[in-house]
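Remarks on the overall topology
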Amino acid sequence: LQQLPAGFYYLKASSEGSATTKAFVIPNWYFVEAFYQVIMLSNLQPENLICIDIETVPAIETFNELNKDLQEMFKAKTQRLRSENQTDDEHYFNSAGIYAEFGKVICICVGMFIKPKIKTGEWKLRIKSFSGDEKEVLKNFSSMLNKLNKKTAYSFAGHNIREFDIPYLCRRMM
């Protein structure tokens, strides 16, 4: 790691036992996050990775079926995202599923890499889907996680899971 002029860092990294070296020029303000990601990715073991994706829908079918308090809460929470010409029902249908307070999980897909038993073997991807009643989906997903080897440090991976999937699951599991 070497500091360059104008607030940039030069980072040179290589994997243990590897002849490959990667070099990065990183802006100062981005350094901590980028360095963290480089370290995390260089130490990543695919067999310890849990890839997830969730699918959500509104918990109650229409806006008018919500009680008055929930209707007001939904309007207050989503008013800045609403189009001027959109009805309450249209807006609810299009966006309620992205809020854990107004949505529910209908499917969780999980993918895990299976390490080959021999060095020349191919990696396999095992995929499991949980779908149906939200309570059962969350219970079965939680049960699967609890059955994983407790001595292994697993990492979750997926598109936007830090901002959506993980917080949503946590809120719905409470």
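Structure: above.
One structure accompanies this document, and this report is about it. (Residues numbered from 1 in each chain as written. Predicted model: local features only at pLDDT ≥ 70, side-chain atom pairs only at ≥ 80, totals over all residues. Heavy atoms only, no water.)

1. Focus on the packing of aromatic side chains
Here the structure, examined in full by the defined rule, presents 6 aromatic pairs. Pairing Phe-74 with Tyr-92 gives two aromatic rings, centres 5.2 Å apart and planes at 70 degrees, and the pair type is edge-to-face. Of the two residues, Phe-74 sits in helix 2 (residues 68-78) while Tyr-92 sits in helix 3 (residues 88-95), which places them 18 residues apart along the sequence. This pair shows no difference in class: Phe-74 is buried, exactly as Tyr-92 is. (Phe/Tyr/Trp six-rings, centres within 6.5 Å; stacked < 30°, edge-to-face > 60°. Helix = DSSP H or I, 4+ residues; strand = E, 2+ residues; numbered from the N terminus. Buried < 20%, exposed > 50% of the residue type's maximum accessible area, 1.4 Å probe, protein only.)

2. Remarks on helix 5 (residues 161-173)
Spanning 13 residues, helix 5 covers only 16 Å between terminal C-alpha atoms, well under the ideal 18 Å at 1.5 Å per step. The complete set of buried residues in helix 5 reads Ile-161, Asp-165, Tyr-168 and Leu-169. The inward-facing, buried residues of helix 5 contact strand 4 (49-58), strand 5 (103-114), helix 4 (134-147) and strand 7 (155-157). (Expected span 1.5 Å × (residues − 1). Contact = heavy atoms within 4.5 Å.)

3. Quick word on the packing of helix 2 against helix 3
Look at helix 2 against helix 3: their axes get within 12 Å of each other, and the N-to-C directions meet at 70 degrees. Taken together, the axis directions place helix 2 and helix 3 in an arrangement best described as roughly perpendicular. Across the interface between the two elements, Phe-74, Lys-75 and Thr-78 of helix 2 pack against Asp-88, His-91, Tyr-92 and Ser-95 of helix 3. In the contact of helix 2 with helix 3, the residues fall into 2 nonpolar, 3 polar and 2 charged. (Axes fitted to C-alpha atoms, helices over the stretch in contact; angles between N-to-C directions. Parallel < 35°, antiparallel > 145°, perpendicular 65-115°, else oblique. Nonpolar A, V, L, I, M, F, W, Y, C, P; charged D, E, K, R; others polar.)

4. Quick notes on the environment of Ala-96
Topologically, Ala-96 is positioned in the loop between helix 3 and strand 5. Its relative accessible area of 0% is what places Ala-96 among the buried residues. Separated by 38 residues in the primary sequence, Ala-96 and Pro-58 have C-alpha atoms spaced 5.0 Å apart. Setting aside its immediate chain neighbours within four residues, Ala-96 contacts Pro-58, Phe-74, His-91, Phe-102 and Gly-103.

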